[in-house]
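# Notes for the structure review
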Amino acid sequence: MLRIRYDVPGGPEVLFAEEVPVPVPGAGELLVRAEAIGVTLPVVRKLREAAEPVALGGEVAGTVAALGEGVTGFAVGERVTGLCFGHGYAEYAVLHTAMASRVPAGATPVDAVALVRSGLVARGAWEAGRIRPGESVLVTAAAGGVGSLALQLARAGTAGRVVAAVSRPDKAEFVRGLGADEVVLYEDPASWGAPYDVVLDGVGGALLGPAVRALATEGRLVAYGSGGGTVEAYELLVRGASVTGFQIRAVAQGRPATYEGWRRALWEAYADGSLRPAVHEEIPLAEAARAHRVVEERRNLGKVVLVP
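Residues numbered from 1 in each chain as written. Predicted model: local features only at pLDDT ≥ 70, side-chain atom pairs only at ≥ 80, totals over all residues. Heavy atoms only, no water.

### Focus: the environment of serine 274
For serine 274, the position within the fold is in the loop between helix 8 (256-271) and strand 14 (279-284). Between the C-alpha atoms of serine 274 and methionine 99, which are 175 residues apart in sequence, the distance is 24 Å. Among residues more than four places away in sequence, those in contact with serine 274 are Gln152 and Ala269. A polar side-chain atom of serine 274 sits 2.6 Å from a polar atom in the side chain of aspartate 272. (Helix = DSSP H or I, 4+ residues; strand = E, 2+ residues; numbered from the N terminus. Contact = heavy atoms within 4.5 Å. Polar contact = N/O pair within 3.5 Å; in protein donor to acceptor, adjacent residues only side chain to side chain.)

### What to know about the nonpolar core
Soluble globular proteins tend to pack their nonpolar side chains together in the buried interior. Judged by nonpolar contacts, the single largest core of 53 residues is most densely connected at Leu151, Val175, Leu200, Phe246, Ile248, Tyr259 and Trp267. With 11 residues, helix 2 (residues 109-128) is the single largest residue contributor to this core. Residues within four places of tryptophan 267 in sequence aside, it is in contact with Thr81, Ser101, Arg102, Val103, Pro104, Ala107, Ala112, Leu115 and Val116. Val44, Ile283, Val295 and Leu306 belong to the second-largest nonpolar core, a separate cluster that totals 34 residues. (Core = buried A, V, L, I, M, F, W, Y, C linked by side-chain atoms within 4.5 Å. Buried < 20%, exposed > 50% of the residue type's maximum accessible area, 1.4 Å probe, protein only.)

### Remarks on the packing of aromatic side chains
Throughout the structure, instances matching the rule amount to two aromatic pairs. Ring geometry for phenylalanine 246 and tryptophan 262: centres 6.3 Å apart, planes at 45 degrees, overall tilted. Of the two residues, phenylalanine 246 sits in the loop between strand 13 (242-245) and helix 7 (248-254) while tryptophan 262 sits in helix 8, which places them 16 residues apart along the sequence. Centroid distance tryptophan 267 to tyrosine 270: 5.6 Å. Interplanar angle 90 degrees. Geometry classified as edge-to-face. (Phe/Tyr/Trp six-rings, centres within 6.5 Å; stacked < 30°, edge-to-face > 60°.)

### Some remarks on the side chain of serine 148
Tracing the backbone shows serine 148 in helix 3 (residues 145-156). A polar contact is formed between the side chain of serine 148 and the backbone oxygen of glycine 144, at a distance of 2.7 Å. Look past the residues within four positions of serine 148 in its chain and what remains in contact with it is Ala141, Ala142, Phe174, Leu178 and Ala278.

### Remarks on the sheet that holds strand 10 (residues 182-185)
Consider a sheet: its strands pair through backbone hydrogen bonds, and that pairing is either parallel or antiparallel. The strand order 10-9-8-11-12-13 describes an open sheet built from six strands, whose pairing is parallel. Edge positions in the open sheet fall to strand 10 and strand 13, since each of these has one partner strand only. When strand polarity is set aside, the average angle formed by the axes of neighbouring strands in this sheet is 20 degrees. Each of strand 8 (137-139), strand 9 (162-166) and strand 11 (196-201) is contacted by helix 3, which is oriented at about 170 degrees to strand 9, the strand it contacts most. (Pairing = 2+ DSSP bridges. Axes fitted to C-alpha atoms, helices over the stretch in contact; angles between N-to-C directions.)

### Some words on the layout of surface pockets
Counted as a void, the largest pocket has a volume near 930 Å³. Taken together, 44 residues make up the lining of the largest pocket; nearest its centre are Thr40, Leu41, Pro42, Val43 and Arg117. At the level of secondary structure, the elements contributing two or more residues to the lining of the largest pocket comprise helix 1 (41-49), strand 5 (79-84), helix 2, helix 3, strand 9, helix 7 and strand 15 (303-307). Sorting elements by how many residues they give to the lining of the largest pocket places helix 1 first, with five residues. Here the residues of the lining of the largest pocket sort into 22 nonpolar, 15 polar and seven charged. (1 Å grid on protein atoms, 1.4 Å probe; cavity = no way out; pocket = protein on both sides within 12 Å on 5 of 7 lines; lining within 4 Å. Points joined across faces, edges and corners; volume = space filled by probe spheres on them. Nonpolar A, V, L, I, M, F, W, Y, C, P; charged D, E, K, R; others polar.)

### Notes on a nonpolar patch on the surface
The grouping of Tyr234, Leu237 and Val238 at the surface amounts to a nonpolar patch, some 360 Å² of accessible area in total. Mapped onto the elements of the fold, leucine 237 is located in helix 6 (residues 233-239). We classify leucine 237 as exposed; its relative accessible area is 67%. (Patch = residues over 30% accessible without salt bridge, like charges linked within 9 Å, V, L, I, M, F, W, Y side chains within 5 Å. Areas by Shrake-Rupley, 256 points an atom, 1.4 Å probe, with all protein chains shown as cover. Salt bridge = Lys/Arg side-chain N within 4 Å of Asp/Glu carboxyl O.)

### Description of the side chain of threonine 40
Position of threonine 40 relative to the elements: it lies in the loop between strand 3 (29-39) and helix 1. Take threonine 40: its relative accessible area is 7%, and that puts it in the buried class. The contact partners of threonine 40, leaving out residues within four places of it in the chain, are Glu59, Arg117 and Lys303.

Distances and angles like these do not, on their own, reveal function.
Quick look at the structure:
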């Protein structure tokens, strides 16, 4: 089978394709013939930031090809999606059953990878923000895979004013179409129209400081991206504000019932049309470097998906 990996840290150019045997699922695992693979910013960043090469995991959707020992509740031939923590950039991937869910009729594999993991992160960030009726919300990375769903959740939920923060002016029309009342640019924090009761931040890094300073008194910032960054305690003290980190893997492992409930709610919202996964482009798996370049340069409007 075809698999994408890298041997040395670097940019998208370090990715290469290789032919390797199809993996064998272990106990509690599913072997999935991949039909769509989501490209995420955390995985894109790993190429440059990881101390040594790591497996390119992430979101996978496809058809169950084989069952590992002891697997119940799934059958060969079923359509599933889930998070792969091993080699996910491949024609076949292994998913643990705890991280897998069925894809309902009417949903494509591409929609599945654009919706489930990104939607779970967006839903988790929303829950962590404890957004009360009428509160103002700023969503950073609002045109990305997670941000575009977080924006829709904010618009459909109890929030009052919903503002999208994006990296480029040409993304404004896209995020307005998802429900943003206003659009602001990262490069000009003075124009953000602060203060905000809640900031859902998927960027981090240099943007984290301005995002904290945009908080209202007793405001809450939820950091769910992989960009890191430093928060000055004084900025929190003067506002009585708080910062919460969110990671979906911690919920999947520590609160499986909550994780499953969120997953069901996502598919229900998809079915009734209230949540629309946005897909920027479907790119052949062999062109993974091009897909990474689109995400790294923040040119995407919604999800970038690899198709084997």
